Amino acid sequence: SNRAMAYLKLKNWNSAENDATVAIRLDPFHVKSYRRRSVARKSLGKIRAALLDLNYAQIAADTSGDGGDQKKLITMEMESTTKALKDAVRRAPMTRFNVEVGALR
């Protein structure tokens, strides 16, 4: 998890995501690993996956009895990531389809 943080500081998002994933496999309740992977995924444009990681971080914090500081950080990051998702949806091109209703032949 510490190396994932170092990769985040270097803006090496793929390596940060991979290292955080390894840390999560070793300790599925390590809150910081989920948060760090979330930051990496958000930076890679994987916003939904980042939100999922924040949800897991929240569950891990509740389960492990992690301090309130972690929960505050998770809540702040969740708000920021949710806003990023909404912005991405707004920017996405709208596609219209013509649909004809009638008997198929």
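**Things to note about the confidence of the model for the chain**
Right, so step 1: Looking at the chain, the pLDDT average stands at 91 and 95% of residues meet or exceed 70.
Right, so step 2: The lowest-confidence element of the chain is helix H5 (residues 68-91), averaging 91 in pLDDT; the highest-confidence one is helix H2 (residues 13-26), averaging 97.

**Overview of the nonpolar core**
Right, so step 1: The biggest cluster of nonpolar side chains holds ten residues, and these are Ile24, Val31, Tyr34, Leu51, Leu54, Ala57, Ala60, Ala61, Ile74 and Met78.
Right, so step 2: Of all the secondary structure elements, the ones that give two or more residues to this core are helix H3 (31-43), helix H4 (47-64) and H5.
Right, so step 3: In terms of residues, this core owes the most to one element, H4, which gives five residues.

**So, the packing of aromatic side chains**
Right, so step 1: The tally for this structure, following the rule as stated, stands at one aromatic pair.
Right, so step 2: Between the aromatic rings of tyrosine 34 and tyrosine 56, the centroid separation amounts to 5.9 Å while the plane-to-plane angle is 40°, which identifies the pairing as tilted. With tyrosine 34 in helix H3 and tyrosine 56 in helix H4, this pair connects stretches of sequence that are 22 residues apart.
Right, so step 3: Residue tyrosine 34 is classed as buried on the basis of its relative accessible area of 8%.

**What to know about H3**
Right, so step 1: Along its 13 residues, H3 runs 19 Å from first to last C-alpha, staying within 8% of the 18 Å computed at 1.5 Å per residue.
Right, so step 2: Residues of H3 that are buried: Val31, Ser33, Tyr34, Arg35, Arg36, Arg37, Ser38, Ala40 and Arg41.
Right, so step 3: Tucked inside the fold, the buried residues of H3 contact helix H1 (2-9), H2, H4 and H5.

**Comments concerning the pattern of salt bridges**
Right, so step 1: Inspection of every chain in the model, using the stated rule, returns nine salt bridges.
Right, so step 2: Notably, a salt bridge pairs arginine 41 with aspartate 53, separated by 3.2 Å at the nearest N-O pair. Here the residue arginine 41 occupies a position in helix H3, and aspartate 53 occupies one in helix H4, the gap between them amounting to twelve residues.
Right, so step 3: On the basis of relative accessible area, arginine 41 is assigned to the buried category, the value being 16%.
Right, so step 4: Two residues, lysine 71 and aspartate 62, come together in a salt bridge whose shortest N-O distance is 3.2 Å.
Right, so step 5: On the basis of relative accessible area, lysine 71 is assigned to the partly exposed category, the value being 34%.

**Some remarks on the packing of H2 against H3**
Right, so step 1: H3 packs onto H2 with a crossing angle of 155° between their chain directions and a minimal axis gap of 8 Å. Taken as axis vectors, H2 and H3 run roughly antiparallel relative to one another. In this structure, the crossing between H2 and H3 has a hand that is left-handed. Taking contact as the criterion, the partners of Trp13, Ala16, Glu17, Ala20, Thr21, Ala23 and Ile24 in H2 are, on H3, Ser33, Tyr34, Arg36, Arg37, Ala40, Arg41 and Ser43.
Right, so step 2: The residue inventory of the contact of H2 with H3, partitioned by class, reads seven nonpolar, three polar and four charged.

Analysis parameters
Residues numbered from 1 in each chain as written. Predicted model: local features only at pLDDT ≥ 70, side-chain atom pairs only at ≥ 80, totals over all residues. Heavy atoms only, no water. pLDDT = per-residue confidence, 0-100. Helix = DSSP H or I, 4+ residues; strand = E, 2+ residues; numbered from the N terminus. Core = buried A, V, L, I, M, F, W, Y, C linked by side-chain atoms within 4.5 Å. Buried < 20%, exposed > 50% of the residue type's maximum accessible area, 1.4 Å probe, protein only. Phe/Tyr/Trp six-rings, centres within 6.5 Å; stacked < 30°, edge-to-face > 60°. Expected span 1.5 Å × (residues − 1). Contact = heavy atoms within 4.5 Å. Salt bridge = Lys/Arg side-chain N within 4 Å of Asp/Glu carboxyl O. Axes fitted to C-alpha atoms, helices over the stretch in contact; angles between N-to-C directions. Parallel < 35°, antiparallel > 145°, perpendicular 65-115°, else oblique. Left-handed = near helix turned anticlockwise from the far one by under 90°. Nonpolar A, V, L, I, M, F, W, Y, C, P; charged D, E, K, R; others polar.

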